[in-house]
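Chain and residue survey
Residues per chain, in single letters:
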Amino acid sequence: MIEPLAFFQQQLEARKAAHLFRERTPLENTRGVRIRIDGKDFLSFCTNDYLGLASHPRVIKALQEGAERWGVGSGASALVSGYTSAHAELEKAFANFLQRDRAVFFSNGFMANIGVINALLQTKQAVLFQDKMNHASLLDAGKLSPALVKRYSHLNMHHLERQLQHYPAPLRIIATESIFSMTGDCAPLSHLVKLAKRHSALLMVDDAHGIGYLGANGKGCTEVFELNQTDVPLLVCPLGKAFGCYGAIVAGPHALLEMLVQYARSYIYTTALPPALAEAALSSLQLVQAEPKRREYLQSVIHYFKREAKARHLNILPSSSAIQPVFIGDEEKAVQIADRLFRDNILVKALRYPTVPKQKAVIRITLSAQHTDQDIERLVTLLESLHVTT
Ligand SMILES: *Cc1c(COP(=O)(O)O)cnc(C)c1O
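Every value quoted in this text rests on a predicted model; they were computed, and no experiment measured them.

With that out of the way, let us pick up the overall build of the protein chain. Counting its secondary structure elements, the protein chain contains 15 helices and 14 strands. Taking 21 Å as the expected radius of gyration for a compact globule of 390 residues, we find that the protein chain reaches 21 Å, a close match to that expectation. In the protein chain, 73% of the contacts between residues at least 6 apart in sequence involve partners at least 24 apart. Carbon together with sulfur atoms contributes 53% to the accessible area of the protein chain, which is approximately 17800 Å² in total. Computing the positive centroid from 43 side-chain charges and the negative centroid from 36, the protein chain places the two 4 Å apart.

As structure tokens, this is what we get:
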């Protein structure tokens, strides 16, 4: 019998040997993409704070004033006494913004996905269809639910349709990300809407990487694809990314949202978010609505990066989003490249198994409205010198 501690020690050693060991980097200062690590200035290409709103003075002030008015913690779960008029106002504002009947403010995107799927799929007579590349929170939501889970190949609508034909059930959900967080590519949402309607399934879209910066008004993927509440009845919008805050909004028809308030355990059995955070998120939403310049500038950063990366033959994956992965393949090589960039004061992360499949490691570049053309130049020049080309 091997001792438990020795067992885990071995597991960690094996992870290191396979170049899959993860390390956290403590930042000493974060103002958007300009950060400090170990007393040195770094340029970050890993933040999901796409618009730089996490450090916007108005958002900071809303959080400060909110804390003065409400205190820090909410003190209880939403169904007990943690729900305030600040939460209610935020939910209303998001329901209006997204043109949905109603919205509910969850603790975060992970808990929203767990909550939605488990509140709605409470029986074995249900089926959940998932894109194979879906976020860990959607996959784990499926593991917790008694429903049968079927995973279709990434973006493969024929595969999904075959599964829909083979697995009938009174209740079915198709869950997908809009912009995929590992690859930056986009789900064929119009096609998904058609399949969902044809097969009477509910479509659930996690718009973590679209909400706030995609679409003329920043309403995310449903604006780009012109999809209303009937098309996408379950819309999940984490606020830790383009909104620069924390928490997640789930928006949709009254009946579905009421099901969440009644049955989503990850909503019911957790302390409600601090009211001050709801105030901060509201001010962030107001900025998104009033100031399109940030998302317009971000689009120009994305175009510039793609043009420069292609001119240097960098092996970028097909993506038009702010997530621009550079394909490396070998895990050890990906780590070496990230280390090499780190020595030049650039922070990027090597995504490796199990986040992506084995031998499919990538350097994930995340672009932000805070990057300048010079920042992009610096990055692509270095990547070119490291021969990460096709
Ligand atoms: C980040 C992310 C989440 C989790 O959201 P949090 O609010 O950070 O918990 C869920 N889904 C996707 C696709 C994400 O990228």
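So, next bit.
Turning our eyes to something else, we now look at helix α10 (residues 254-263). Buried within α10 we find Leu-256, Leu-257, Leu-260 and Val-261. End-on view of α10: buried residues confined to an arc of 145 degrees, all on one side of the axis.

Before going further, it helps to spend a moment on the nonpolar core. In this structure, Phe-94, Ile-174, Ile-249 and Ile-365 are the most contacted members of the largest nonpolar core, which totals 88 residues. With eight residues, the single largest contributor to this core is helix α12 (residues 275-290). Structurally, this core is a two-domain feature, drawing no fewer than three residues from each of domain 1 (22-51 + 292-385) and domain 2 (56-290). In contact with Ile-365, not counting residues within four places along its chain, are Phe-45, Phe-305, Ala-322, Ile-323, Gln-324, Pro-325, Val-326, Val-348, Leu-379 and Leu-383. Counting 29 residues, the second largest nonpolar core, distinct from the first, contains Val-104, Leu-121, Ala-126 and Ala-147.

Attention now goes to the domain arrangement of the protein chain. Interface size is commonly expressed as the accessible surface area that is lost when the partners come together. Split into domains, the protein chain comes out as domain 1 (22-51 + 292-385) and domain 2 (56-290). Here the C-alpha centroids of domain 1 and domain 2 sit 26 Å apart. Tallying the contact residues gives 24 residues for domain 1 and 23 residues for domain 2. For the pair domain 1 and domain 2, the two sides together bury roughly 1700 Å², of which 57% comes from carbon and sulfur. At the boundary of domain 1 with domain 2, the tally comes to zero salt bridges.

Moving on: unusual backbone geometry. The residue after Tyr-353, namely Pro-354, is reached through a cis peptide bond having omega 5 degrees. With respect to the helices and strands, Pro-354 occurs in the loop between β13 (349-351) and β14 (361-366). Here Gln-99, not a glycine, exhibits a phi torsion of approximately 55 degrees, which is positive. Accessibility expressed as a relative area gives 57% for Gln-99, which makes it exposed. Despite not being glycine, Gln-359 shows a phi value in the positive range, around 60 degrees. Here Gln-359 is to be found in the loop between β13 and β14. Residue Gln-359 is classed as partly exposed on the basis of its relative accessible area, which comes to 44%.

With that out of the way, let us pick up the pattern of salt bridges. Enumeration according to the criterion identifies 14 salt bridges in this entry. The residue Arg-312 makes a salt bridge to Glu-377 at a minimum N-O spacing of 3.0 Å. Of this pair, Arg-312 sits in the loop between α13 (293-311) and β11 (323-329) while Glu-377 sits in helix α15 (residues 373-385), and the two are 65 residues apart along the sequence. Assessed through its relative accessible area of 15%, Arg-312 is described here as buried. If you follow the salt bridges from partner to partner, you end up with Arg-307, Glu-308, Arg-312, Glu-377 and Glu-384 in one network.

This next bit is on the site of the ligand. What surrounds the ligand is a group of 13 residues, the closest being Gly-109, Phe-110, Asp-206, His-209 and Lys-241. In the model, an oxygen atom of the ligand is placed 2.7 Å from a nitrogen or oxygen of the Gly-109 main chain. In this structure, Lys-241 approaches the ligand through a side-chain N or O atom, which is 2.7 Å from an oxygen atom. Notes on the ligand: free accessible area 380 Å², of which the protein chains cover 84%. In terms of residue count, helix α5 (residues 109-120) provides more of the shell around the ligand than any other element does, three residues in total. Its residues assigned to classes, the shell around the ligand comprises three nonpolar, seven polar and three charged.

Moving on to the packing of helix α7 (residues 157-166) against helix α8 (residues 189-198). Axis separation between α7 and α8 bottoms out at 11 Å; the angle between their running directions is 10 degrees. Between α7 and α8, the angle falls in the class roughly parallel. Contacts between α7 and α8 involve Met-157, Leu-160, Glu-161 and Leu-164 on the former and, on the latter, His-191, Leu-192, Leu-195 and Arg-198. Among the residues making up the contact of α7 with α8, the classes are represented as five nonpolar, one polar and two charged.

Take the sheet that holds β13 next. Pairing in this open sheet of three strands is antiparallel, and the strands run β11-β14-β13 from one edge to the other. Two strands bound the open sheet, and with one partner strand each, they are β11 and β13. Each strand axis lies, on average, 35 degrees off the axis of its neighbour in the sheet, ignoring direction. Note: β13 against β14, three bridges, orientation antiparallel.

All right, on to the side chain of Arg-100 then. Its place among the elements puts Arg-100 in the loop between α4 (85-97) and β4 (102-106). One buried charged residue, Arg-100, remains without a salt bridge, the closest side chain of opposite sign being Asp-231 at 6.9 Å. Apart from the residues within four sequence positions on either side, Arg-100 is in contact with Ala-95, Thr-222, Leu-227, Asn-228, Gln-229, Val-232, Leu-235, Ala-251 and Gly-252.

Conventions used here
Residues numbered from 1 in each chain as written. Predicted model: local features only at pLDDT ≥ 70, side-chain atom pairs only at ≥ 80, totals over all residues. Heavy atoms only, no water. Helix = DSSP H or I, 4+ residues; strand = E, 2+ residues; numbered from the N terminus. Rg over C-alpha atoms; globule rule 2.2 N^0.38 Å. Contact = heavy atoms within 4.5 Å. Areas by Shrake-Rupley, 256 points an atom, 1.4 Å probe, with all protein chains shown as cover. Lys, Arg positive; Asp, Glu negative; His and termini not counted. Charge placed at Lys NZ, Arg CZ, Asp CG, Glu CD. Buried < 20%, exposed > 50% of the residue type's maximum accessible area, 1.4 Å probe, protein only. Arc of directions from axis to C-beta. Core = buried A, V, L, I, M, F, W, Y, C linked by side-chain atoms within 4.5 Å. Domains from an automatic or database assignment. Buried area = accessible area lost by both parts, 1.4 Å probe. Salt bridge = Lys/Arg side-chain N within 4 Å of Asp/Glu carboxyl O. Near = heavy atom within 4 Å. Polar contact = N/O pair within 3.5 Å; in protein donor to acceptor, adjacent residues only side chain to side chain. Nonpolar A, V, L, I, M, F, W, Y, C, P; charged D, E, K, R; others polar. Axes fitted to C-alpha atoms, helices over the stretch in contact; angles between N-to-C directions. Parallel < 35°, antiparallel > 145°, perpendicular 65-115°, else oblique. Pairing = 2+ DSSP bridges.

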